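Analysis of the macromolecular model
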Amino acid sequence: MQPFIQFESVSKSFGSMTVIDSLDLTIHKGEFLSLLGPSGSGKTTILMMLAGFERPTRGTITLDGMRIDQLPPHRREMGVVFQNYALFPHMTVAENVAFPLEMKRLPRHEIARKVARALDMVRLGSLKNRRPSQLSGGQQQRVALTRALVFEPRVILMDEPLGALDKQLREHMQLEIRELHKRLGLTIVFVTHDQSEALTMSDRIAVFNAGKIEQIDSPHAIYDTPRTRFVAQFIGETNLIEADVVNVQNGHATIALGADLAAKVRSGPELQAGQKALFSLRPERMRLGAEPAGDNSLGMTITDCIYHGDHMRVQLARGNFTFTARCERLAGDWTVGTQVVVSFDPRDCTVLTS
Amino acid sequence: MFRTAQTFFGLLVVTFLLMPIVAILPLAFTSSVFLTYPIEEYSLRWFVELTTADAWRLSIMNSLIIGLGATLLSTVLGTLAALGLRTKALPFANLLRTMFLLPMVVPAVVLGVGMQMLFVNLGVASTYPGVIIAHAVLCVPFVIVSVSASLQGIDPSVEKAASSLGASPVKVFRRVTLPLALPGIISGAVFAFATSLDEVVITLFVAGPNQRTLARQMFSSIRENISPTVVAAALLLIIGTLCLGGLAALLRWRQERIALRAAP
Ligand SMILES: Nc1ncnc2c1ncn2[C@@H]1O[C@H](COP(=O)(O)OP(=O)(O)O)[C@@H](O)[C@H]1O
Ligand SMILES: [Mg+2]
């Protein structure tokens, strides 16, 4: 994959407030990149700079090797899907979809053909003469998507496009967008604050916090090997414990979690004995049993059980040290107060040193 | 109890507002030369008088010419002003808006005196362009208010969407902003026309005998000789205003529906 879009030390300030601080970001052709972060972290600002509605205060943005940061929006050929769809209320569905083609001055019959084909693709052919106000949220969403796709833009930008839909429809649209991405080989930059959406849809995820990229990686790597405390906490659920590195030996390290608790973890080259570190372990990577098993086994007491339908959330404690575990079911006679052994694989632990 | 009192009071106010009109209008159809009840015989002679007597015919023509001119001028200027006031980075936007709306609150007499002096110096006193400009000054605020309201109803992301889809700023304006603002522009124009139609005070100052408008003609004829022609003219004005008001209400209603649509 070649670099397609490149942000080079891009900063953006509104007045005295710096929203994006020296951002470097590469987007490849044909990839589905999600910008994930809490509200206010600058995701929309990045998208708006890419679309041309905001100019970077500093830095450059290139597309296919050409500088675009000073181009006006209408000359960037980017299909933008807005959070609230932004359909033209005074035009029908077909007129909405025809709009970008008319702007390209395509011949009339070709426009008609392309509009019909595009609407059929998203199964909206029968609604082509309706106004946006006569459509459901999901249908409006599909029209907005179709309108952004139909003129074959170089990139599709989406700003929380599914935020207003209910859960079921949202999941359906996620699949539909993913499918379109694969079938048409689109380059998509997708803004969301919903981590599960980002995890299921993306080729890569850029996790943002306060205008900076915390980590940019595949969904797998983001979830399994978070590089910062923020990423570990923001994506999924985790047990985070301040710890000390006791020793490091051929690929493994021993971490002191508390006075009488230690864990063996897989170690990269960055760990050194005596370092302060942050230990992270996902609740679903723990196993609860009666007997010790494997490299890491800690005796703990169940302090609470919460039923979630498809799984249980179990609070465990030992002294003032606590863990949250997630398991499918508990052995029949376990209740609050039962002593159990918590075991986990060294490969499932993440240790952060910074 | 309270509700009854409320209804009663409401009816009282409506009666008070409508009585003068109801009391006088039937006299437009009298055949007598006096403005008195009872009406002995009905006729349309005063309407005929309105369209044949030179003074009245001319004044109706003048009202239409000046009204249309002022409407055109104020609609263009007011729409441009409303568009300009929407610009994000405009300095002193609020001050400017207040200035534009000032003619609504400044006493017409003051404006009239000022304009007369100014127009004499400029050589446009007692000319059609002069009266049209004077009326337009009064009409512009109505257009600005109306157009601003409809511009406010436009979701900015709709215009952004248009430009991201390849529309140049001019195209965005023509294909998106203007159509969405059109109901507001038209209803602003209707208000402007209605304002010009019943404007007397400033007309007294800046118009000459040749630009005598219908309202002005009614004003002077009521002092000279009270003939039922005045009432017939009044009826004409009321019907015209009601039609325009109805048109404006219709457009407002449509505009609200479009604004409602714009919000998902
Ligand atoms: N036009 C603007 N003027 C001033 N501040 C802005 C503007 N746009 C965004 N911001 C600020 O920039 C920050 C990031 O906003 P945004 O990019 O919308 O975040 P996100 O999309 O991640 O929620 C916020 O604190 C917001 O208040
Ligand atoms: Mg946002």
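**Describing the sheet that holds strand β4 (residues 58–63) of chain A**
Residues and elements named next belong to chain A.
- With respect to topology, four strands assemble into an open sheet ordered β2-β1-β4-β5, the strand pairing being antiparallel. The open sheet is flanked by β2 (17–28) and β5 (66–67), the only strands paired with a single partner.
- Of the strand pairs in this sheet, β4 and β5 are connected by two bridges, and their pairing is antiparallel. Among the inter-strand pairings, leucine 63 is bridged to a residue of β5, identified as methionine 66.
- Contacts from helix α1 (residues 43–51) reach β1 (3–14), β2 and β4 within the one sheet, and its direction differs from that of β1 by about 115°.

**Side note on the interface of chain B and chain A**
- Every contact between the two is made by 21 residues of chain B and, on the other side, 25 residues of chain A.
- For the pairing of chain B and chain A, the buried interface totals around 2,100 Å² over both sides, and the portion due to carbon and sulfur atoms is 67%.
- Summed over the shared surface of chain B and chain A, the number is one salt bridge.
- A salt bridge links A:Glu102 to B:Arg175, with the nearest nitrogen and oxygen atoms 2.8 Å apart.

**A closer look at the layout of surface pockets**
- Considering only enclosed or pocket space, the largest pocket measures out at about 860 Å³ in volume.
- Along its surface, the largest pocket is lined by 26 residues, and B:Arg86, B:Thr87, B:Lys88, B:Pro156 and B:Glu159 are the ones closest to its centre.
- When residues of the lining of the largest pocket are traced back to their parent elements, those giving at least two are α3 (54–86), α6 (128–152), α7 (156–164) and α8 (169–197) of chain B.
- Here the second largest pocket is characterised by a volume of approximately 430 Å³.
- Lining the second largest pocket we find 21 residues, and of these A:Thr225, A:Glu270, A:Cys349, A:Thr350 and A:Val351 sit closest to its centre.
- Looking at the lining of the second largest pocket, the elements with two or more residues in it are α7 (219–224) and β20 (349–352) of chain A.
- Broken down by element, the residue count for the lining of the second largest pocket peaks at four residues, all from β20(A).
- Here the lining of the second largest pocket is composed, by residue class, of six nonpolar, seven polar and eight charged.

**Notes on the packing of aromatic side chains**
- The tally for this structure, following the rule as stated, stands at nine aromatic pairs over all chains.
- Aromatic pair B:Phe29 and B:Phe47: ring centres 5.4 Å apart, planes at 40°, arrangement tilted. Of this pair, B:Phe29 sits in the loop between α1 (2–24) and α2 (45–52) while B:Phe47 sits in helix α2, and the two are 18 residues apart along the sequence.
- Within the aromatic cluster, the residues linked to one another by ring pairs are A:Phe279, A:Phe321, A:Phe323 and A:Phe344.
- The positively charged end of A:Arg147 is found above the aromatic ring belonging to A:Phe88, 4.5 Å away from the centroid.
- One Lys or Arg, B:Lys160, reaches over the ring of A:Phe53 and ends 5.5 Å from the middle of that ring.

**Let's talk about the site of ligand 1**
All names here are of chain A.
- Neighbouring ligand 1 are Phe14, Met17, Val19, Pro38, Ser39, Gly40, Ser41, Gly42, Lys43, Thr44 and Thr45.
- The contact in question runs from an oxygen atom of ligand 1 to an N or O atom on the backbone of glycine 40, over 2.6 Å.
- Here an oxygen atom of ligand 1 sits 3.0 Å away from a polar atom, N or O, in the main chain of glycine 42.
- Burial of ligand 1 by the protein amounts to 61% of the accessible area it has alone, namely 560 Å².
- Taken together, the elements giving at least two residues each to the shell around ligand 1 come down to β2 and α1.
- Of the residues forming the shell around ligand 1, the biggest block, three residues, is contributed by α1.
- Residue composition of the shell around ligand 1, grouped by class: four nonpolar, six polar and one charged.

**Re the sheet that holds strand β13 (residues 261–266) of chain A**
Residues and elements named next belong to chain A.
- Strand order in the open sheet made by the five strands is β13-β12-β11-β14-β20, with antiparallel pairing throughout. At either margin of the open sheet sits one strand with a lone partner, and together these are β13 and β20. Direction aside, the axes of adjacent strands within the sheet are offset by 40° on average.
- Taken together, the four bridges between strand β14 (residues 276–281) and β20 define a ladder with antiparallel strand orientation. Bridge pairing in β20 links leucine 278 to leucine 352.

Calculation criteria
Residues take numbers from 1 onward in each chain, read along the sequence in its written order. Whichever chain is written first is A, and whichever ligand is written first is 1; the rest continue in order. Confidence filtering applies because this is a predicted model: local features only for residues at pLDDT of at least 70, side-chain atom pairs given and counted only at 80 or more, and all residues used for totals across whole chains, interfaces and linings. With hydrogens and water excluded, all non-hydrogen atoms of the structure serve as input to the side-chain values. Think of it this way: DSSP has to see at least two bridges between two strands before they count as a pair. In DSSP terms, a helix is any run of H or I states spanning at least four residues, a strand is any run of E spanning at least two, and both are numbered starting from the N terminus. Whether two residues touch is decided by their heavy atoms; if any such pair falls within 4.5 Å, the residues are in contact. Every angle, taken between N-to-C directions, lies between 0 and 180 degrees, and every axis is a line fitted to C-alpha atoms, over only the stretch in contact when it is a helix. Two parts lose some accessible area (1.4 Å probe) when they are put together, and adding that loss for both gives the buried area. What makes a salt bridge here is a side-chain nitrogen of Lys or Arg within 4 Å of a carboxyl oxygen of Asp or Glu, nothing more. Only protein atoms enter the 1 Å grid used here, on which a cavity is any set of points holding a 1.4 Å probe that cannot leave and a pocket is any open set flanked by protein within 12 Å on both sides along at least five of seven lines; residues with an atom within 4 Å of a point are listed as lining. Grid points are joined across faces, edges and corners, and a volume is the space filled by probe spheres set on the points. Under the scheme applied, nonpolar residues are Ala, Val, Leu, Ile, Met, Phe, Trp, Tyr, Cys and Pro; charged residues are Asp, Glu, Lys and Arg; polar residues are all the others, including Gly. Aromatic pairs are defined between Phe, Tyr and Trp rings, using the six-membered ring for Trp, whenever the two ring centres lie within 6.5 Å; interplanar angles under 30 degrees are classed as stacked, those over 60 as edge-to-face, and all others as tilted. Two limits define a charge over a ring: the Lys NZ or Arg CZ must be within 6 Å of the ring centre, and within 35 degrees of the ring normal. The rule for a residue being near a molecule or strand is that one of its heavy atoms must lie within 4 Å of it. Distance and chemistry together define a polar contact, namely a pair of N or O atoms within 3.5 Å, with one atom able to donate a hydrogen and the other to accept it when in protein, and with adjacent residues in sequence counting only for side-chain atoms on both sides. We get accessible surface area from the Shrake-Rupley algorithm with a probe of 1.4 Å; when it comes to residues, only the shown protein chains can shield them.

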